[in-house]
Amino acid sequence: MTDVNSLSELEYRMLTILKSDSRISSTKLAKELGVSRATVAKVLLSLREKGIRFTVDFYEEGKLTVFAVADSCAEGAECYRLIDGKFMVTVTGNMDQIENVLSKLKTERYFIAVQKVGSRSIRRSSLKCDYCGGEIAGEPLIVKRGKKVYYTCCATCQSQLIKKLRIKGELD
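Below you will find a few notes about this structure. Numbers given to residues run from 1 along each chain, matching the order in which its sequence is written. Local features in a predicted model are, by the rule used here, given only for residues with pLDDT of at least 70; side-chain atom pairs are given and counted only at 80 or more, and totals for whole chains, interfaces and linings are based on all residues. Processing note: side-chain calculations cover all non-hydrogen atoms of the structure and skip hydrogens and water entirely.

Moving on, we get to the sheet that holds strand β3 (residues 78-81). Strand order in the open sheet formed by four strands is β3-β4-β2-β5, with antiparallel pairing between adjacent strands. Each edge of the sheet is formed by a strand with only one pairing partner; in this case those strands are β3 and β5 (109-113). Here the strands of the sheet are splayed against their neighbours by 15 degrees on average, with no regard to which way each runs. Paired strands, as defined in this entry, are two strands with at least two bridges between them according to DSSP. Strands are runs of DSSP state E lasting at least two residues, helices are runs of H or I lasting at least four, and both sets are numbered from the N terminus onward. Looking at chain direction, strand β2 (residues 64-70) and β5 are connected through five bridges and run antiparallel. In the sheet register, Thr-65 faces β5, and the bridge partner there is Ala-113. Relative to β2, helix α4 (residues 95-104) is tilted by about 5 degrees, and along the sheet it contacts β2, β4 (87-93) and β5. With axes taken as lines fitted to C-alpha atoms, and helix axes fitted only over the stretch in contact, angles between N-to-C directions fall between 0 and 180 degrees. Residues are treated as being in contact if the distance between any of their heavy atoms lies within 4.5 Å.

Let us look at α4. Note: α-helices contain 3.6 residues per turn, so residues at a spacing of three or four share the same orientation. Relative accessible area decides the class of each residue, using a 1.4 Å probe on protein chains only: under 20% of the type maximum gives buried, over 50% gives exposed, and in between gives partly exposed. Those residues of α4 that sit buried are Ile-98, Val-101 and Leu-102. The arc enclosing the buried residues of α4, seen along the axis, measures out at 100 degrees, which places them on a common side. Seen from the open side of α4, the exposed residues pointing more than 90 degrees away from its buried face are Asp-96, Ser-103 and Lys-104. Looking at the buried residues of α4, the elements they touch are β2, β4 and β5. Here α4 starts with a cap whose side-chain oxygen sits 3.1 Å from the backbone nitrogen of Asp-96, and that cap is Asn-94. Taking the helix axis as origin, the arc is that swept by the directions to the C-beta atoms. A 3.5 Å cut-off defines polar contacts: any pair of N or O atoms within that distance qualifies, except that in protein one atom must be a possible hydrogen donor and the other a possible acceptor, and neighbouring residues in sequence count only when both atoms are side-chain atoms.

Encoded structure:
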């Protein structure tokens, strides 16, 4: 079942403006909508509470995107219900991640995209481990502390970093 939220006229107008320029300042947004900055903040909070996500659009070189027609939606995938009751499942990642999702779907029809047209392409430079300083090959292991995000290269560095942060009182 789809989760549908009704938007007020102000919320809808704000989303329309943000869709065309997501970096607009609160002051400029308030001026365009004819409301105060406090009202802008309240409406943004309301939109977040309704599950509206504000995203960044880019395409990472080396990643693949697969579009599959399937009988069900897969966890970790973006899904759209089709008119015939099936789902258009979109998965982005490396080949191992995509194979993992496709193996769980009952599908024989899928399309592999190698580049998103109209989006900025990026290439990630080497990432360093926040514990040992070594280069991280593949996906990093993440440790979150409030708004801070630490990246580690392996489970050992991850556990040692957690211990270090606990000793410093930075991790609960």
